[in-house]
Structure formats: structure tokens, C-alpha cells
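Secondary and tertiary structure notes
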Amino acid sequence: APCRAPGSAGAVGMGWAAALALPRPAGPHRVGCADVMVGRTRQGLFFRLYYPCEPRAGAARPLWIPRAEYFEGLVDVGGRRRWWSAPLLRAAFGTFRVPLSWNSPFKRGSAKYPLIIFSHGLGAFRARRSLHPRSRRRRDRSASATYFCTGEPGEALREEWIPYGPVPPGEKEFYFRNKQLHQRADECARGLQLFEDISRGQAVPNVLHGAFDLSVLQGSIDMTKVAVMGHSFGGVTAVLATVKEPRFSCAVALDAWMFPLEHARYPDVSKPLLFINNEKFQTPESIARMKRLRSRNSETKAVTILGSVHHSQSDITFLTGKFEKLINRILTTRGTLDPHKVLGITCQAALAFLQRHLDLNEDFDQWDQLLDGIGDSVVADEPLCRSNL
């Protein structure tokens with residue numbers, strides 16, 4: 001279900017030290033989430049599904065960082081020593097939960113729902129992501145950590161973890177990341193096909209224990225209204241996914257890291273794209289690549305949110321409390337613009353674009369002007385100079 005502009009925040013976690021004040025969903029539906037693993041090999045799919053749900057008394061809220069292995073992975077991504085950094089992160093953030101309903105019953109609508117497949121950034125994972133639904137999990141070692149399950153049907157599942165993989169010594173980063181990029185885009189395409197199979201009534205077992213039953217989605221997804229989105233590395237993944245899978249009607253790229261996409265692929269990109277950039281991340285080279293894509297399609301748009309930074313479109317920007325200033329100093333998690341306002345602009349621009357290209361019967365066209373860079377704290381393309389926000 002698409003998210004609207006954010007509502008009131010729900011702070012959870014260790015309030016004496018820090019809190020994760022993620023905004024509650026403010027759209028017309030309650031939002032449920034569940035983990036899905038299809039297949040028992042590295043070639044399977046592993047993702048978190050976000051969906052409209054029925055209210056359920058006592059429904060659990062999922063942990064923000066659900067396993068100890070992810071803390072170790074985040075430390076690896078940051079280049080810190082595991083023995084002290086991972087326990088510190090776990091003590092600080094291990095109890096944080098997100099304001100969603102875990103494994104709650106799916107809510108059927110009067111009409112079919114559109115589908116959005118989302119690709120997270122480098123070093124993130126299915127639960128720590130940018131602020132949009134249906135997050136894909138990476139087995140190309142671009143996630144901070146991930147795993148897959150092995151074992152024959154009827155046997156107990158055995159977990160095999162895949163750690164984050166930095167660029168190997170002596171290998172050029174472009175070729176390493178380009179290979180990961182293509183694997184990511186292929187996974188997005190396979191994810192779309194998975195939902196196509198479910199819609200047709202094909203049995204798709206979720207192998208996780210106590211898992212969400214995917215068959216309840218049959219007949220509820222409009223496979224003619226499918227988009228792909230992503231943040232950073234996931235943003236350029238979304239661009240390439242439209243080439244590999246023509247059933248994606250459009251793509252929304254949040255502060256896309258354009259570096260890994262080879263120039264030979266640019267002529268193949270024909271679907272409408274929306275680039276929502278942050279003021280303090282993009283380089284002239286990256287902007288030039290976006291302009292090259294815009295020159296090929298008049299429906300492709302690019303806007304920049306002033307006073308924002310690269311992490312402004314991820315959940316970590318909503319950390320508050322004693323640790324917030326320290327983390328912001330290390331990672332630059334916040335810009336000068338309030339994170340709730342950044343989220344509002346991001347959601348409104350994305351929804352206006354999706355309504356236009358998925359033919360949604362909503363009122364999201366009220367934010368069409370944002371697509372032309374008209375509005376508070378937003379400009380078309382990139383700013384000519386740094387703002388004073």
C-alpha cells in the first residue's frame with residue numbers, strides 16, 4: 001500500500017539513551033509486514049513484504065535490527081572492530097521496534113493493489129532500509145549481512161550466512177559493483193515474476209518457520225501496476241531493473257548512486273524515471289548521467305531536496321536521544337532540513353509520479369508541482385549553489 005505523508009511519530013526503544021522515532025503509517029490502511037524466503041539455495045529470494053493488514057489485538061512489532069549477525073555486518077561496513085563495536089551497537093539499538101504489525105492478516109481491498117519492489121542501499125538489509133515498501137534482500141554481498149536456508153523439504157532448515165563483501169584488493173570498484181548491480185536488478189525482476197506466479201494461483205511456499213502464507217495474495221495484486229524503487233545503490237538498481245524487466249512501468253530512484261551502471265546500458269533505458277536527490281551527496285558526474293537519461297524521455301524527472309543529506313531518505317535519520325548527535329557526527333544522518341519534512345516531500349513526489357505512470361485512482365496529483373521542482377525546499381534538477389537551509 002502506498003504511504004502518504006508521515007503522521008505522528010512513535011518513539012520506541014531505550015528512551016534513556018536513544019529512540020527510533022519512526023513516523024507511524026498515515027495512509028488509509030494499517031500496515032503489516034512479514035519475512036518471505038522462497039527456495040533453499042543462494043538462488044532463492046529473501047525479502048520483507050509490506051502489505052495492508054487487518055487489525056489484530058496484541059500484534060507484535062518487528063525489531064528494527066532483528067539478529068545479532070546484522071550488528072556485526074553493520075560494523076564490517078563501517079570498518080570498525082567487531083569485538084567492541086558490535087556489542088555496543090546491540091546494547092544501544094537492539095530493542096528498537098518499528099511501528100508496524102508483524103505477520104498480521106492480509107486485508108483484501110475492493111480493488112487490486114499496485115505492487116512496488118524496493119531495493120535497499122549498499123550495506124543495508126531488509127529491515128534497515130529506506131522509507132518505502134517491499135524491500136529486497138541481497139545475496140551478492142552488498143548487504144551488511146544476509147543468509148539463506150538449506151535442507152530438503154521436511155527437514156529442519158539450516159542457516160548459511162553471507163557477510164558483507166568489500167571490494168577485493170586489486171580489483172577495480174566499477175567492475176565489482178557492476179556485477180552486484182546486475183545481480184540486484186535480476187533479483188528485482190525475479191521478485192516481480194514471483195508475484196505474477198502467486199497471482200496466477202501457483203503454489204509458492206514460504207520456507208521460514210511460522211511464515212506468512214503467500215497464497216492469501218492471490219487475486220489482490222494488480223500486475224499491470226508495478227513499479228520499482230530504490231535508495232542509493234538501490235536507486236541505480238531500480239533504473240537497470242526497468243531494462244531487464246519491461247513489466248516495470250516506471251522507477252523512482254532516491255539519491256541514486258549512478259557509478260556502477262555501464263554507459264552501454266543508457267540507450268536501453270526507456271521507462272519514465274523519477275530521481276529524488278539530496279542536496280549533499282550527488283557529484284557533477286552523477287548528475288550528468290541523470291541528465292543523459294532525462295534527454296531520452298520527457299517523462300523522466302529529477303528534483304533535489306534542499307537541506308538534506310544521503311541518509312535523509314533512510315530510517316537511521318529518525319534516531320533521537322543521546323546517541324543521535326554522536327551518530328550524526330560519524331555518519332551525517334541528518335541535514336539541516338527536518339527529517340519529517342524530507343520524508344513528506346519524498347513521499348508526495350513519489351506518489352504523484354506513481355499515480356501518473358501507474359494510472360492510480362487516487363488524489364496524489366495534488367503534488368504534481370513537486371515533480372517540476374516547485375515547492376518549499378525543493379528545486380528542479382540540482383541547485384546551482386549550496387542552499388542556506
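Computed from a predicted model, the values in this text were never measured in an experiment. (Residues numbered from 1 in each chain as written. Predicted model: local features only at pLDDT ≥ 70, side-chain atom pairs only at ≥ 80, totals over all residues. Heavy atoms only, no water.)

The subject of this paragraph is the overall build of the protein. Counting its regular elements, the protein contains seven helices and 15 strands. Burial analysis of the protein (389 residues in total) assigns 55% to the buried set. Taking the intrachain contacts of the protein between residues at least 6 apart in sequence as the baseline, contacts between residues at least 24 apart amount to 67%. Accessible surface computed for the protein: about 16,700 Å², of which carbon and sulfur atoms make up 52%. (Helix = DSSP H or I, 4+ residues; strand = E, 2+ residues; numbered from the N terminus. Buried < 20%, exposed > 50% of the residue type's maximum accessible area, 1.4 Å probe, protein only. Contact = heavy atoms within 4.5 Å. Areas by Shrake-Rupley, 256 points an atom, 1.4 Å probe, with all protein chains shown as cover.)

Turning our attention to the pairing of strand 13 (residues 301-305). Buried residues dominate strand 13, accounting for five of its five residues. Across five bridges, strand 12 (residues 273-278) lies against strand 13 in parallel orientation. The partner of Asn277 across the bridge, within strand 13, is Thr304. Regarding the hand of the β-α-β motif, the stretch spanning strand 12, helix 5 (residues 284-294) and strand 13 is right-handed. Bridging between strand 13 and strand 15 (residues 378-380) involves three bridges; their strand directions are antiparallel. Across the sheet, the residue bridging to Ile305 is Val378, located in strand 15. (Pairing = 2+ DSSP bridges. Right-handed = clockwise from strand over helix to strand, strands pointing away.)

Soluble globular proteins tend to pack their nonpolar side chains together in the buried interior. Ranked by internal contacts, the top residues of the largest apolar core, which has 48 residues, are Phe195, Leu217, Met258 and Phe275. Excluding residues that lie within four positions of it along the chain, Leu217 makes contacts with Leu49, Phe106, Phe195, Ile198 and Phe212. Listed in part, the 27 residues of the second largest apolar core include Ala227, Leu354, Leu358 and Trp367. (Core = buried A, V, L, I, M, F, W, Y, C linked by side-chain atoms within 4.5 Å.)

Moving on, we come to the UniProt feature "active site" (unreviewed entry) in the protein. Look at the UniProt record and you will see "active site" (unreviewed entry) annotated at Ser232, Asp255 and His310. For the annotated residues, spread through 79 residues, the largest C-alpha to C-alpha distance comes to 8.0 Å, consistent with a single compact locus. Inspection of the secondary structure assignment puts Asp255 in the loop between strand 11 (250-254) and strand 12. Residue contacts for Asp255: discarding those within four places in its chain leaves His231, Ser232, Ile276, Asn277, Asn278, Phe281, Gln282, His310 and Gln313. Within the secondary structure, His310 is located in the loop between strand 13 and strand 14 (319-321). (UniProt positions renumbered as here; feature names shortened; annotations may be inferred.)

For the protein, the average pLDDT comes to 82, and 77% of its residues sit at 70 or higher. Highest mean pLDDT in the protein belongs to strand 11 (97); lowest belongs to strand 1 (residues 9-12) (38). Here residues 1-17 is a poorly scored stretch, pLDDT under 50, and it has 60 contacts once near neighbours within four places are set aside; other chains count. Scored below 50 in pLDDT, residues 127-137 makes 75 contacts in the model with residues more than four places away or belonging to other chains. (pLDDT = per-residue confidence, 0-100.)

Strand residues, when the strand is regular, have side chains that alternate between the two faces of the sheet. Here strand 4 (residues 45-53) lies mainly inside the structure; nine of its nine residues are buried. Sheet topology places strand 3 (residues 30-38) next to strand 4; nine bridges connect them, and they run antiparallel. Across the sheet, the residue bridging to Val36 is Phe47, located in strand 4. What sits between strand 3 and strand 4 in their antiparallel hairpin is a turn of six residues, with Gly39 showing a positive phi close to 95°.

With that out of the way, let us pick up helix 3 (residues 173-199). End to end, helix 3 covers 39 Å across 27 residues, agreeing with the expected 39 Å (1.5 Å per residue, within 8%). With 19 of 27 residues buried, helix 3 is to be regarded as a mostly interior element. A positive backbone phi angle near 90° is found at Gly201, which sits one or two residues after helix 3. (Expected span 1.5 Å × (residues − 1).)

Moving on: the environment of Lys225. Structurally, Lys225 can be placed in strand 10 (residues 221-231). Along the backbone, Lys225 and Ile116 are 109 residues apart, and their C-alpha atoms lie at a distance of 8.6 Å.

Below, the discussion takes up the packing of aromatic side chains. Across all of its chains, the model carries 10 aromatic pairs by this definition. Seen from their ring centres, Phe174 and Phe259 are 5.8 Å apart, and the 85° between their planes marks the pair as edge-to-face. Residue Phe174 is found in helix 3, and its partner Phe259 is found in the loop between strand 11 and strand 12; the two are separated by 85 residues along the sequence. Taking the centre distance of 6.1 Å and the plane angle of 10° together, the rings of Phe364 and Trp367 count as stacked. Like Phe364, the residue Trp367 is buried in the burial classification. Put simply, the rings of Phe174, Tyr175, Phe233, Trp257 and Phe259 touch in pairs and so form one group of aromatic residues. (Phe/Tyr/Trp six-rings, centres within 6.5 Å; stacked < 30°, edge-to-face > 60°.)

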